[in-house]
Amino acid sequence: MKIMHVDASAKRERSNSRALSRYFLERLREERVNLEVDYLDVAVDTPPHVTEAFAIATYTPAHERTAAMKATLAASDALCERLLAADALVFAMPMYNWSMPSAFKAYIDSVTRTGLTYVHSEDGRTAGQLVRQKVLFITSRGADLRAGSPYESMDALTPALTAAFGFLGVARPTFVDAQPLQFANPAARAEALERARAELAEVAVNWAKQVQATPHVLAVDRDNQVMTLCQE
Ligand SMILES: Cc1cc2nc3c(=O)[nH]c(=O)nc-3n(C[C@H](O)[C@H](O)[C@H](O)COP(=O)(O)O)c2cc1C
(Lines give C-alpha, C1' and ligand atoms only; values in the text may rest on other atoms or scores of the structure.)
Protein backbone atom coordinates (compact mmCIF):
# COMPACT_ATOMS: atom_id res chain seq x y z
CA MET A 1 0.00 0.00 0.00
CA LYS A 2 1.34 3.40 -0.98
CA ILE A 3 1.01 5.83 1.90
CA MET A 4 1.52 9.55 1.70
CA HIS A 5 2.62 10.52 5.20
CA VAL A 6 2.62 14.24 5.97
CA ASP A 7 3.80 15.83 9.23
CA ALA A 8 3.22 19.50 10.00
CA SER A 9 4.35 20.31 13.53
CA ALA A 10 6.89 23.08 14.04
CA LYS A 11 8.34 20.89 16.80
CA ARG A 12 10.64 18.06 15.90
CA GLU A 13 11.77 15.46 18.46
CA ARG A 14 9.30 16.70 21.09
CA SER A 15 6.29 16.69 18.78
CA ASN A 16 3.34 14.59 19.84
CA SER A 17 1.67 14.55 16.42
CA ARG A 18 4.89 13.30 14.79
CA ALA A 19 5.25 10.57 17.41
CA LEU A 20 1.64 9.51 16.87
CA SER A 21 1.94 9.36 13.08
CA ARG A 22 5.12 7.26 13.43
CA TYR A 23 3.27 5.02 15.87
CA PHE A 24 0.43 4.54 13.37
CA LEU A 25 2.81 3.47 10.59
CA GLU A 26 4.53 1.06 12.99
CA ARG A 27 1.16 -0.46 13.90
CA LEU A 28 0.34 -0.93 10.20
CA ARG A 29 3.67 -2.71 9.66
CA GLU A 30 2.94 -4.85 12.68
CA GLU A 31 -0.36 -5.78 11.03
CA ARG A 32 1.76 -6.99 8.08
CA VAL A 33 0.72 -4.27 5.69
CA ASN A 34 3.35 -3.89 3.02
CA LEU A 35 4.05 -0.14 3.02
CA GLU A 36 5.59 2.12 0.45
CA VAL A 37 5.87 5.47 2.19
CA ASP A 38 6.07 8.84 0.49
CA TYR A 39 7.04 11.23 3.29
CA LEU A 40 6.58 14.99 3.33
CA ASP A 41 7.38 17.34 6.18
CA VAL A 42 5.53 20.55 5.38
CA ALA A 43 7.13 22.32 8.34
CA VAL A 44 10.46 21.92 6.51
CA ASP A 45 9.41 21.76 2.85
CA THR A 46 6.62 24.29 3.14
CA PRO A 47 4.76 24.85 -0.12
CA PRO A 48 4.79 28.53 -1.13
CA HIS A 49 1.88 30.78 -0.24
CA VAL A 50 -0.55 31.59 -3.03
CA THR A 51 0.89 34.38 -5.19
CA GLU A 52 -0.82 36.48 -7.85
CA ALA A 53 0.98 34.47 -10.55
CA PHE A 54 -0.29 31.22 -9.03
CA ALA A 55 -3.86 32.52 -8.67
CA ILE A 56 -3.94 33.46 -12.35
CA ALA A 57 -2.14 30.37 -13.66
CA THR A 58 -4.22 27.86 -11.71
CA TYR A 59 -7.51 29.09 -13.24
CA THR A 60 -6.12 29.42 -16.77
CA PRO A 61 -7.17 26.37 -18.81
CA ALA A 62 -4.23 23.97 -19.13
CA HIS A 63 -3.99 24.31 -22.92
CA GLU A 64 -3.78 28.12 -22.66
CA ARG A 65 -1.00 28.27 -20.08
CA THR A 66 2.24 29.99 -21.00
CA ALA A 67 5.63 28.48 -20.18
CA ALA A 68 5.88 30.88 -17.25
CA MET A 69 2.48 29.78 -15.92
CA LYS A 70 3.49 26.14 -16.22
CA ALA A 71 6.66 26.87 -14.31
CA THR A 72 4.64 28.64 -11.60
CA LEU A 73 2.44 25.56 -11.20
CA ALA A 74 5.17 22.91 -11.47
CA ALA A 75 5.71 22.38 -7.73
CA SER A 76 1.98 22.21 -7.09
CA ASP A 77 1.55 19.77 -10.02
CA ALA A 78 4.14 17.50 -8.43
CA LEU A 79 2.43 17.60 -5.01
CA CYS A 80 -0.91 16.75 -6.65
CA GLU A 81 0.66 13.79 -8.45
CA ARG A 82 2.05 12.45 -5.17
CA LEU A 83 -1.37 12.75 -3.56
CA LEU A 84 -3.20 11.07 -6.43
CA ALA A 85 -0.66 8.23 -6.59
CA ALA A 86 -1.20 7.28 -2.94
CA ASP A 87 -3.62 4.61 -1.75
CA ALA A 88 -3.82 6.13 1.70
CA LEU A 89 -3.11 9.51 3.25
CA VAL A 90 -1.92 10.14 6.81
CA PHE A 91 -1.84 13.78 7.84
CA ALA A 92 -0.53 14.63 11.30
CA MET A 93 -0.66 18.12 12.75
CA PRO A 94 -1.05 20.15 15.92
CA MET A 95 -3.90 22.59 16.44
CA TYR A 96 -2.57 26.14 16.25
CA ASN A 97 -4.95 28.92 17.30
CA TRP A 98 -7.95 26.63 16.89
CA SER A 99 -7.15 25.65 13.34
CA MET A 100 -4.34 24.09 11.30
CA PRO A 101 -0.66 25.09 11.11
CA SER A 102 -0.15 27.63 8.30
CA ALA A 103 2.30 25.23 6.62
CA PHE A 104 -0.47 22.68 6.23
CA LYS A 105 -2.85 25.36 4.91
CA ALA A 106 -0.19 26.23 2.32
CA TYR A 107 -0.12 22.52 1.41
CA ILE A 108 -3.91 22.49 0.95
CA ASP A 109 -3.63 25.60 -1.24
CA SER A 110 -1.07 23.76 -3.37
CA VAL A 111 -3.00 20.52 -3.80
CA THR A 112 -6.47 21.95 -4.42
CA ARG A 113 -6.12 22.18 -8.18
CA THR A 114 -8.76 22.35 -10.83
CA GLY A 115 -8.17 19.73 -13.53
CA LEU A 116 -6.00 17.65 -11.19
CA THR A 117 -7.42 16.97 -7.73
CA TYR A 118 -10.92 18.09 -8.73
CA VAL A 119 -12.57 18.40 -12.09
CA HIS A 120 -15.57 20.25 -13.47
CA SER A 121 -18.31 18.12 -14.96
CA GLU A 122 -20.56 19.24 -17.79
CA ASP A 123 -23.47 19.98 -15.46
CA GLY A 124 -21.33 22.59 -13.73
CA ARG A 125 -20.57 20.51 -10.66
CA THR A 126 -17.14 19.68 -9.33
CA ALA A 127 -15.92 16.17 -8.65
CA GLY A 128 -13.06 15.57 -6.23
CA GLN A 129 -10.53 13.01 -7.41
CA LEU A 130 -9.40 11.61 -4.05
CA VAL A 131 -12.19 9.06 -3.93
CA ARG A 132 -10.21 5.83 -3.55
CA GLN A 133 -7.80 6.96 -0.83
CA LYS A 134 -8.19 6.02 2.80
CA VAL A 135 -7.57 9.16 4.84
CA LEU A 136 -6.49 9.58 8.44
CA PHE A 137 -6.03 12.90 10.23
CA ILE A 138 -4.04 12.78 13.46
CA THR A 139 -4.35 16.00 15.40
CA SER A 140 -2.77 17.04 18.69
CA ARG A 141 -4.35 19.72 20.82
CA GLY A 142 -3.28 21.50 23.98
CA ALA A 143 -6.83 21.88 25.24
CA ASP A 144 -9.63 19.37 25.45
CA LEU A 145 -12.17 20.17 22.72
CA ARG A 146 -14.27 17.04 23.06
CA ALA A 147 -18.05 17.26 23.34
CA GLY A 148 -19.05 18.72 26.67
CA SER A 149 -15.79 20.61 27.24
CA PRO A 150 -15.87 24.43 27.51
CA TYR A 151 -13.66 24.57 24.40
CA GLU A 152 -15.92 22.38 22.26
CA SER A 153 -17.16 25.26 20.09
CA MET A 154 -13.61 26.47 19.36
CA ASP A 155 -12.71 23.56 17.08
CA ALA A 156 -12.14 25.20 13.70
CA LEU A 157 -9.65 22.49 12.71
CA THR A 158 -11.94 19.49 12.19
CA PRO A 159 -14.47 21.35 9.97
CA ALA A 160 -11.70 23.04 7.94
CA LEU A 161 -9.98 19.73 7.17
CA THR A 162 -13.29 17.97 6.49
CA ALA A 163 -14.37 20.70 4.05
CA ALA A 164 -11.04 21.06 2.22
CA PHE A 165 -10.62 17.32 1.66
CA GLY A 166 -14.35 16.71 1.17
CA PHE A 167 -14.13 19.04 -1.81
CA LEU A 168 -11.31 16.85 -3.13
CA GLY A 169 -13.51 13.75 -2.88
CA VAL A 170 -12.67 12.44 0.60
CA ALA A 171 -16.08 11.41 1.91
CA ARG A 172 -15.24 9.65 5.17
CA PRO A 173 -11.94 10.70 6.70
CA THR A 174 -10.95 9.23 10.05
CA PHE A 175 -9.90 11.59 12.84
CA VAL A 176 -7.80 10.66 15.82
CA ASP A 177 -7.50 13.70 18.06
CA ALA A 178 -5.08 13.59 20.98
CA GLN A 179 -6.36 16.01 23.61
CA PRO A 180 -5.66 17.59 26.08
CA LEU A 181 -1.87 17.46 25.66
CA GLN A 182 -0.82 20.79 27.16
CA PHE A 183 -3.40 22.65 29.20
CA ALA A 184 -4.05 19.80 31.61
CA ASN A 185 -2.42 17.87 34.44
CA PRO A 186 0.18 15.17 33.64
CA ALA A 187 -2.27 12.33 34.27
CA ALA A 188 -4.83 13.78 31.84
CA ARG A 189 -2.10 14.25 29.20
CA ALA A 190 -0.85 10.70 29.60
CA GLU A 191 -4.40 9.42 29.36
CA ALA A 192 -5.00 11.49 26.19
CA LEU A 193 -1.91 10.01 24.52
CA GLU A 194 -2.89 6.51 25.56
CA ARG A 195 -6.41 7.02 24.17
CA ALA A 196 -5.01 8.31 20.87
CA ARG A 197 -2.61 5.34 20.57
CA ALA A 198 -5.47 2.91 21.25
CA GLU A 199 -7.60 4.56 18.55
CA LEU A 200 -4.68 4.50 16.10
CA ALA A 201 -4.07 0.81 16.77
CA GLU A 202 -7.73 0.16 15.97
CA VAL A 203 -7.55 2.16 12.72
CA ALA A 204 -4.41 0.19 11.76
CA VAL A 205 -6.24 -3.11 12.31
CA ASN A 206 -9.16 -1.90 10.16
CA TRP A 207 -6.94 -0.67 7.34
CA ALA A 208 -4.98 -3.92 7.41
CA LYS A 209 -8.22 -5.90 7.13
CA GLN A 210 -9.33 -3.81 4.15
CA VAL A 211 -5.99 -4.18 2.41
CA GLN A 212 -5.87 -7.91 3.05
CA ALA A 213 -9.42 -8.24 1.68
CA THR A 214 -8.36 -6.56 -1.56
CA PRO A 215 -7.75 -9.22 -4.23
CA HIS A 216 -4.15 -9.78 -5.17
CA VAL A 217 -3.12 -8.44 -8.55
CA LEU A 218 -2.47 -11.38 -10.80
CA ALA A 219 -0.40 -11.67 -13.91
CA VAL A 220 0.68 -14.49 -16.19
CA ASP A 221 4.38 -15.09 -16.63
CA ARG A 222 6.16 -16.34 -19.77
CA ASP A 223 5.36 -19.97 -18.96
CA ASN A 224 1.68 -19.16 -18.55
CA GLN A 225 1.96 -19.56 -14.79
CA VAL A 226 -0.29 -17.24 -12.81
CA MET A 227 1.76 -15.21 -10.36
CA THR A 228 0.92 -12.66 -7.71
CA LEU A 229 2.47 -9.35 -8.55
CA CYS A 230 1.59 -7.29 -5.55
CA GLN A 231 -1.01 -6.39 -3.03
CA GLU A 232 -2.43 -2.89 -2.68
C1 LIG B 1 1.57 28.51 18.28
C2 LIG B 1 0.71 27.52 19.00
C3 LIG B 1 -0.65 27.69 19.03
C4 LIG B 1 -1.44 26.77 19.69
N5 LIG B 1 -2.80 26.93 19.67
C6 LIG B 1 -3.59 26.01 20.29
C7 LIG B 1 -5.01 26.14 20.26
O8 LIG B 1 -5.57 27.04 19.67
N9 LIG B 1 -5.74 25.20 20.89
C10 LIG B 1 -5.17 24.15 21.52
O11 LIG B 1 -5.90 23.31 22.05
N12 LIG B 1 -3.83 24.00 21.57
C13 LIG B 1 -3.04 24.91 20.97
N14 LIG B 1 -1.67 24.76 21.00
C15 LIG B 1 -1.09 23.58 21.67
C16 LIG B 1 -0.74 22.48 20.70
O17 LIG B 1 -1.80 22.18 19.83
C18 LIG B 1 -0.37 21.21 21.46
O19 LIG B 1 0.69 21.47 22.36
C20 LIG B 1 -0.02 20.06 20.55
O21 LIG B 1 0.14 18.91 21.31
C22 LIG B 1 1.25 20.33 19.77
O23 LIG B 1 1.48 19.25 18.88
P24 LIG B 1 2.98 18.85 18.52
O25 LIG B 1 3.58 18.31 19.79
O26 LIG B 1 2.88 17.84 17.45
O27 LIG B 1 3.68 20.10 18.07
C28 LIG B 1 -0.85 25.67 20.34
C29 LIG B 1 0.54 25.51 20.32
C30 LIG B 1 1.31 26.41 19.65
C31 LIG B 1 2.81 26.22 19.62
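First things first, this report covers the structure right here in the doc. Here the structure is a predicted model, which means the values were calculated and not measured.

1. Observations regarding the pattern of salt bridges
For step 1, the next point in the chain: With the rule as written, the count across this model stands at 14 salt bridges.
For step 2, the next point in the chain: Where D41 meets R18, a salt bridge forms, and the shortest distance between an N and an O atom there is 2.9 Å. Here D41 is found in strand β2 (residues 36-41), whereas its partner R18 is found in helix α1 (residues 16-30), with 23 residues between them in sequence. Summarising the burial analysis for this pair, D41 and R18 share the class buried.
For step 3, the next point in the chain: A salt bridge links R27 to E30, with the nearest nitrogen and oxygen atoms 2.8 Å apart.

2. Concerning the site of the ligand
For step 1, the next point in the chain: Taken together, 19 residues lie around the ligand, and S9, S15, S17, M95 and Q182 are the ones closest in.
For step 2, the next point in the chain: In this structure, S9 approaches the ligand through a side-chain N or O atom, which is 2.6 Å from an oxygen atom.
For step 3, the next point in the chain: Within the side chain of S140, an N or O atom sits 2.8 Å from an oxygen atom of the ligand.
For step 4, the next point in the chain: Its free accessible area being 640 Å², the ligand has 81% of it covered by the protein chains.
For step 5, the next point in the chain: Taken atom by atom, the bulk of the ligand overlaps the largest pocket.
For step 6, the next point in the chain: Looking at the shell around the ligand, its residues break down into eight nonpolar, eight polar and three charged.

3. Here's the deal with the nonpolar core
For step 1, the next point in the chain: Membership of the largest hydrophobic core comes to 31 residues, with the highest contact counts inside it found for F91, M93, F104, Y107 and F165.
For step 2, the next point in the chain: At the level of secondary structure, the elements contributing two or more residues to this core comprise β1 (2-7), α3 (67-85), β3 (88-94), α4 (102-111), β6 (134-140) and α5 (157-167).
For step 3, the next point in the chain: Among the nonpolar cores identified, the runner-up in size contains 26 residues, and L20, Y23, L136 and V203 belong to it.

What counts, and at which threshold
The numbering scheme is per chain: residues are counted from 1 as the chain's sequence reads. Local features are withheld for residues below a pLDDT of 70 in this predicted model, meaning they are given only at 70 or higher, and side-chain atom pairs are given and counted only at 80 or more; totals for whole chains, interfaces and linings count all residues. Side-chain figures throughout are based on the complete set of non-hydrogen atoms in the structure, without hydrogens or water. What makes a salt bridge here is a side-chain nitrogen of Lys or Arg within 4 Å of a carboxyl oxygen of Asp or Glu, nothing more. The way it works is that DSSP assigns letters per residue, a run of H or I at least four long becomes a helix, a run of E at least two long becomes a strand, and they are numbered from the N terminus. Summary of the burial criterion: residues with accessible area below 20% of their type's maximum are buried, those above 50% are exposed, and those between are partly exposed, where the area comes from a 1.4 Å probe applied to protein chains only. Each residue is tested against the molecule or strand, and it is near if at least one of its non-hydrogen atoms lies within 4 Å. Definition of a polar contact: a pair of N or O atoms within 3.5 Å, with one able to donate and the other able to accept a hydrogen when the atoms are protein atoms, and with sequence-neighbouring residues admitted only if both atoms are side-chain atoms. Accessibility throughout is a Shrake-Rupley quantity obtained with a 1.4 Å probe, and a residue counts as covered only by protein chains that appear here. Any residue with an atom within 4 Å of a point lines the site, the site being either a cavity, points on a 1 Å grid over the protein atoms alone where a 1.4 Å probe fits but cannot get out, or a pocket, an open set with protein on both sides within 12 Å along at least 5 of 7 lines. Cavities and pockets are treated as containing a molecule whenever more than half of the molecule's atoms lie within 2 Å of their grid points. Gly is put with the polar residues, along with every residue not named as nonpolar or charged; the nonpolar set is Ala, Val, Leu, Ile, Met, Phe, Trp, Tyr, Cys and Pro, and the charged set is Asp, Glu, Lys and Arg. What we call a nonpolar core is a set of buried Ala, Val, Leu, Ile, Met, Phe, Trp, Tyr and Cys residues that are connected through their side-chain atoms within 4.5 Å.

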